[in-house]
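# Structure at a glance
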Amino acid sequence: YCPGRAFLLQAGDPARTDSANRAVLAVADAVLAKLDGPGKALGTCREIELARSLGKAVVVVSEPLESLLAYDLVVVASLEEAWQAALHATKAKRKL
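What you see is a predicted model; the values in this text were computed from it and never measured. (Residues numbered from 1 in each chain as written. Predicted model: local features only at pLDDT ≥ 70, side-chain atom pairs only at ≥ 80, totals over all residues. Heavy atoms only, no water.)

### A look at the confidence of the model for the chain
Selection rule: Per-residue confidence from the predictor is given as pLDDT, running between 0 and 100. Helix and strand definitions here come from DSSP, where helices need a minimum of 4 consecutive H or I residues and strands a minimum of 2 consecutive E residues; each element is numbered from the N-terminal end.
Considering every residue of the chain, the mean pLDDT works out to 81; 84% of them sit at 70 or more. Mean pLDDT across the secondary structure elements of the chain bottoms out at helix α1 (residues 3-9), with 70, and peaks at strand β2 (residues 57-61), with 90.

This is how it looks when you write it as structure tokens:
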């Protein structure tokens, strides 16, 4: 699922995009977020926070985050590492 693409498919309507994002996050096992390079966006940060509030595992691809607000995120350097971390997190959660 790509929230940016959802924005375009929702005819650029922020409220409809937000509703679509919330619905997808509600059923997601984990969330991979890319916060490096030019893709950094306020919307991505909002989606990360919503996912965390729903108890979802969040894996962020980024340069190391120096923020106290990142204490409950897994931060990795590549999409491959993110994929592996998300698989690990969802397998661990299913065992609970």
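### Quick word on the sheet that holds β2
Hydrogen bonding along the main chain pairs the strands of a sheet, whether they run parallel or antiparallel. Counted only if it meets this: At least two bridges found by DSSP between two strands are what make those strands a pair. Here the axes come from fitting lines to C-alpha atoms, over the contacting stretch only for helices, and the angles between their N-to-C directions go from 0 to 180 degrees. Between two residues, a contact is recorded if the distance between any of their heavy atoms is within 4.5 Å.
Taken together, three strands build an open sheet; the order of strands is β1-β2-β3 and the sheet is parallel. A single partner strand is all that each edge strand has here, and the edge strands are β1 (30-34) and β3 (74-76). For this sheet the average axis-to-axis angle between neighbouring strands, irrespective of direction, equals 20°. For β2 and β3, the ladder comprises three bridges, and the chain directions are parallel. When the bridges of β3 are listed, V61 appears paired with V76. Along the sheet, helix α3 (residues 42-53) makes contact with β1 and β2, crossing β2 at roughly 155°.

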